[in-house]
Each structure stands twice: as C-alpha cells, then as structure tokens.
Amino acid sequence: YMLADSSDAFLEELCAHHVSGTLKVAPEHISDNVLRRMHKPGRRVFETFCRKYEAENRRIGKKQYMIPYFISSHPGCRPEDMAELAVATKALDFKLEQVQDFTPTPMTVATTIYYSGYHPYSLQKIDTAKSEKEKKQQNMFFFWYKREFREQIMTLLRKIHRADLIPILYGKER
C-alpha cells in the first residue's frame, strides 16, 4: 500500500479543519510481520502518513500532535517485533501512552490463533505470548524510555540476539 495523491487533499482538510490539537491513530504495530497477520498495510504507510501529517501542520502553521495506539502480544508477535516497534517509535519521537495487550475477541481469526496456536486457513503453527512473563516482556518495549525498564530491555535484547539495537535505544552499550 502507498498513500494515494488524493490523500494529500484529505490530509490538508483533516489538519486544517478536523483536528483539535491531537489526532489519535491506530497503526497497532510497526513490524511488517505482525501487520501482515493483522491484515494491515506495512509500516511504510504509517511512517509516510506521520511525515505528511507533520509537514502539513507545519505548512498551515498549526501545532498539532499525533497519538498512536499500539498492541503487544498479538498472535505471532515476538519480542523481536516489539524491539522493532521500540526503535521505530523512538525514531518517530513517540513516547507511547495509548497501548494495549492483545485481548481475544470472539469471532476473529486472531482469537482462533490465540486459542488454537494455528492459523485457521493455512494451518501454520503460530506462537503467541500467553504467560504473564511473556506479555510483560512484550509490553515493556512500549516504554523503552522509562528508566525502570532499561536493564530488562537490554538483557532481553541480548537474549534474542538483538544487542545491536541497544545503542539505538540507549546510546553506547554499557
């Protein structure tokens, strides 16, 4: 997916007349791995929208912000995906507040995967964070900027062989 040229006119109208200071959006994730399972467009669409939203507000001289909403522990979401989300949200200068852990909802494919461990159409096995420990590990990546999670996140990044992300999140590795 790419944002169509007509989206520029929509964004101009939205920013000029329909945002009262803060726009709430629900990309739900950044990782293309997770977004595919959610049947959502890839991260580039969200990143492009963020840049265009910021540029349009600058152009019209308004100080308007964006609050994104994200989900952890969606079926198939791994700590690696949450680490990717942490790095991307830092790059976008978001300090997340609107977050949620996956909640099974009746009659959805995601809930079927959550309870069975398999995708109902492909019969592919899909791991899902279910234990309190797994869910907390994923959730803490939302709050990479909070001092109380720093050591835990760095330890987990080393464990999942993504220590390369430590300097991106925290500067020089300790």
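Residues numbered from 1 in each chain as written. Predicted model: local features only at pLDDT ≥ 70, side-chain atom pairs only at ≥ 80, totals over all residues. Heavy atoms only, no water.

Visitor: Could you clarify how one ought to interpret the pattern of salt bridges in this entry?
Guide: Side chains bearing opposite charge may pair, as long as their charged atoms lie close to each other. Counted according to the given criterion, the structure contains 12 salt bridges. A salt bridge links Glu-28 to Lys-40; the shortest N-O distance between them is 3.6 Å. In this pair, Glu-28 is assigned in strand β1 (residues 22-28) and Lys-40 in the loop between α2 (32-38) and α3 (43-60), connecting sequence segments 12 residues apart. Where Lys-135 meets Asp-101, a salt bridge forms, and the shortest distance between an N and an O atom there is 2.6 Å. Linking Lys-135 in helix α6 (residues 132-140) with Asp-101 in strand β3 (residues 98-101), this pair joins segments that are 34 residues apart in sequence. Given a relative accessible area of 22%, Asp-101 falls into the partly exposed group. Salt bridges here are not isolated pairs; linked through shared partners, they connect Glu-12, Glu-56 and Arg-59. (Salt bridge = Lys/Arg side-chain N within 4 Å of Asp/Glu carboxyl O. Helix = DSSP H or I, 4+ residues; strand = E, 2+ residues; numbered from the N terminus. Buried < 20%, exposed > 50% of the residue type's maximum accessible area, 1.4 Å probe, protein only.)

Visitor: For this particular structure, what's the right way to read the sheet that holds β1?
Guide: Paired through backbone hydrogen bonds, the strands of a sheet run either parallel or antiparallel to each other. Read from one edge of the open sheet, 3 strands run β1-β2-β3, paired in parallel fashion. The sheet is open, and its two edges are formed by β1 and β3, each paired on a single side. On average, each strand axis in the sheet is inclined to that of its neighbour by 15°, with strand direction left out of account. Pairing geometry for β1 and strand β2 (residues 65-72), over 5 bridges, is parallel. Bridge pairing links Leu-23 to Met-66 in β2. (Pairing = 2+ DSSP bridges. Axes fitted to C-alpha atoms, helices over the stretch in contact; angles between N-to-C directions.)

Visitor: Please clarify how the pairing of β2 should be interpreted in this entry.
Guide: The side chains of a regular strand alternate, first on one face of the sheet and then on the other. Bridging between β2 and β3 involves 4 bridges; their strand directions are parallel. Pairing of Ile-71 across the sheet is with Gln-100, part of β3. In this region the chain leaves β2, passes through helix α4 (residues 79-91) and returns to the parallel neighbour β3; the handedness of that crossover is right-handed. (Right-handed = clockwise from strand over helix to strand, strands pointing away.)

Visitor: Is there a simple way to think about the packing of aromatic side chains in this case?
Guide: Note on aromatic pairs: each is described by the distance of the centres and the angle between the planes. Under the definition given, this model contains 9 aromatic pairs. Each ring, one from Tyr-114 and one from Tyr-115, has its centre 5.0 Å from the other, and the planes form 90°; the classification is edge-to-face. Judged by its relative accessible area of 60%, Tyr-115 falls in the exposed class. Here Trp-144 and Tyr-145 contribute two aromatic rings whose centre-to-centre distance is 5.6 Å and whose plane-to-plane angle is 85°, an arrangement assigned as edge-to-face. On the basis of relative accessible area, Trp-144 is assigned to the buried category, the value being 9%. Tyr-145 sits in the partly exposed class, given a relative accessible area of 24%. Joined through ring pairs, the aromatic side chains of Phe-142, Phe-143, Trp-144, Tyr-145 and Phe-149 make up one cluster. Above the face of the Tyr-114 ring, Lys-130 is positioned so that its terminal group lies 5.1 Å from the ring centre. (Phe/Tyr/Trp six-rings, centres within 6.5 Å; stacked < 30°, edge-to-face > 60°. Lys NZ or Arg CZ within 6 Å of the ring centre and 35° of its normal.)

Visitor: Just checking my understanding: could you explain the layout of surface pockets for this structure?
Guide: Roughly 540 Å³ of volume is contained in the largest pocket. Lining the largest pocket are 20 residues; nearest its centre among them are Glu-54, Gln-64, Tyr-65, Met-66 and Phe-94. The element that contributes the greatest number of residues to the lining of the largest pocket is α3, accounting for 7 residues. Each residue belonging to the lining of the largest pocket can be placed in one class, and the counts come to 10 nonpolar, 2 polar and 8 charged. (1 Å grid on protein atoms, 1.4 Å probe; cavity = no way out; pocket = protein on both sides within 12 Å on 5 of 7 lines; lining within 4 Å. Points joined across faces, edges and corners; volume = space filled by probe spheres on them. Nonpolar A, V, L, I, M, F, W, Y, C, P; charged D, E, K, R; others polar.)

Visitor: Quick question: what am I supposed to make of the nonpolar core here?
Guide: One broad trend across soluble globular proteins is that nonpolar side chains are buried collectively. Phe-46, Tyr-53, Met-66, Phe-141, Ile-153, Leu-157 and Leu-169 are the most contacted members of the largest nonpolar core, which has 43 residues in total. Looking at which element gives the most residues to this core, the answer is α4, with 6 residues. Those residues in contact with Tyr-53 that lie beyond four places of it in its chain are Leu-11, Cys-15, Val-19, Leu-23, Gln-64, Tyr-65 and Met-66. (Core = buried A, V, L, I, M, F, W, Y, C linked by side-chain atoms within 4.5 Å. Contact = heavy atoms within 4.5 Å.)

Visitor: It is not clear to me how the state of the cysteines should be interpreted in this structure. Could you clarify?
Guide: What makes a disulfide is a covalent bond joining the sulfur atoms belonging to two cysteines. Overall, the coordinates contain 0 disulfides when judged by the stated rule. With no disulfide of its own, Cys-50 lies closest to Cys-15 among cysteine sulfurs, the gap being 12 Å. Relative accessible area serves as the criterion here: at 8%, Cys-50 is assigned to the buried category. Among the cysteines around Cys-77, which has no disulfide bond, Cys-50 carries the closest sulfur, lying 19 Å off. The buried category is assigned to Cys-77, whose relative accessible area is 4%. (Disulfide = S-S within 2.5 Å.)

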